[in-house]
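Single-letter residue listing:
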Amino acid sequence: MNEIKLFCTATIANISCGFDVLGLALDNVGDEMVVRKVAKKGVTITKIVGQDLPLETHKNVAGVAALALLSKVDTEFGFEIEIYKNIKPGSGIGSSAASSAGAVYGINELLGKPFSNHDLIEFAMQGERLASGVAHADNVAPALLGGFTLVRSTDPLEVIKIAPPSEMYATVIHPQIEVKTSDAREILKNTIPLKTAIAQWGNLGALISGLYTEDYELIGRSLEDKIVEPIRSILIPAFDAVKEVSIEAGALGAGISGSGPSIFALSKGIETAQKVGEAMKNVYQKVGIDYDVHISKINNEGIKIMDN
Ligand code: HSE
């Protein structure tokens, strides 16, 4: 095999109470990528369609992630990458992670899989470092493993995958503004009161328990963020209204997707997820903000190999 075509899934990071440690993979939103084995050594980004992003390998998240992988193997050949971007950078659904994870996944396949998907997370994190200044794993982990992922530790890396509850759907609305992850990180405080930490780890532990036991009510009660959402939500137009109508429409809970501005809601069943989408749209229609809405089941496999 000399060429592979991939669907590189969008992801929701943080999921309210799990800042930098929790993420999930979406099923029907993502980029496409072609990775090709070529005689010329190194990594060349030959094409980016859909977004204006740097082609230079060292300035592109896919290029940087690919080089991190290639620094660990001896090869007599190189790789070309074509990226077809559907996920807008700065949207909060893992645009840089889709590219970083896709590049390392594709190269690993063409090399005959010397690395596990868990191993690939560390390489893909280097793309995230370029994008936001921090090598966080909460988008690249679900992109590579699928389902929900919990990053217990980044040094040494240990990520636990949790299969999604069978009736779980995500609704995501993206108001058409851009929020850079680096900016959204800069405004966060470096310390939190013990009382706030206690509330947050109570919710995080309960959310994980709810996912394993498919206890949707417990999941709903646990989708609460005492630390990041109060600060970042000021960057997102009508955040409180969108969250409120989502819960009124039946969502288990709602919050900021990654570093925003997208807002996500989780629901039991596709009908509720669709109702939530309609309620979210109404809010932005009233305030006159353009948006994209995605309704997706949780993708339990992560990046998918497409037929050529
Ligand atoms: N955990 C990261 C953040 C995710 O919230 O900054 C960015 O998508």
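Residues numbered from 1 in each chain as written. Predicted model: local features only at pLDDT ≥ 70, side-chain atom pairs only at ≥ 80, totals over all residues. Heavy atoms only, no water.

1. A closer look at the sheet that holds strand β7 (residues 168-175)
Item 1. In space, the 4 strands of this open sheet follow the order β8-β9-β7-β10, with antiparallel pairing throughout. Looking at strand neighbours, the two that pair on one side only are β8 (253-256) and β10 (291-297), the edges of this open sheet. Each neighbouring strand pair of the sheet contributes to a mean axis angle of 20°, computed without reference to strand direction.
Item 2. The sheet contact formed by β8 and strand β9 (residues 263-268) spans 4 bridges and is antiparallel. Note on β9: the bridge partner recorded for glycine 255 is phenylalanine 264.
Item 3. Contacts between helix α10 (residues 270-287) and the sheet are confined to β7, β9 and β10, with β7 contributing the most and set at about 15° to the helix. (Pairing = 2+ DSSP bridges. Helix = DSSP H or I, 4+ residues; strand = E, 2+ residues; numbered from the N terminus. Axes fitted to C-alpha atoms, helices over the stretch in contact; angles between N-to-C directions. Contact = heavy atoms within 4.5 Å.)

2. Considering the pattern of salt bridges
Item 1. Summed over all chains, the structure comprises 15 salt bridges.
Item 2. Close ionic contact of lysine 304 with aspartate 27 constitutes a salt bridge, the shortest N to O distance being 2.8 Å. Note that lysine 304 is positioned in strand β11 (residues 304-306) and aspartate 27 in strand β2 (residues 22-38), a separation of 277 residues in sequence.
Item 3. You can call aspartate 27 buried: its relative accessible area is 18%.
Item 4. Across the pair glutamate 109 and lysine 113 runs a salt bridge whose closest N-O atoms are separated by 3.6 Å.
Item 5. Judged by its relative accessible area of 12%, glutamate 109 is buried.
Item 6. Three or more residues joined by partner-sharing salt bridges are found here, namely Glu3, Arg36, Glu80 and Glu82. (Salt bridge = Lys/Arg side-chain N within 4 Å of Asp/Glu carboxyl O. Buried < 20%, exposed > 50% of the residue type's maximum accessible area, 1.4 Å probe, protein only.)

Geometric descriptors of this kind do not, in isolation, establish any biological role.
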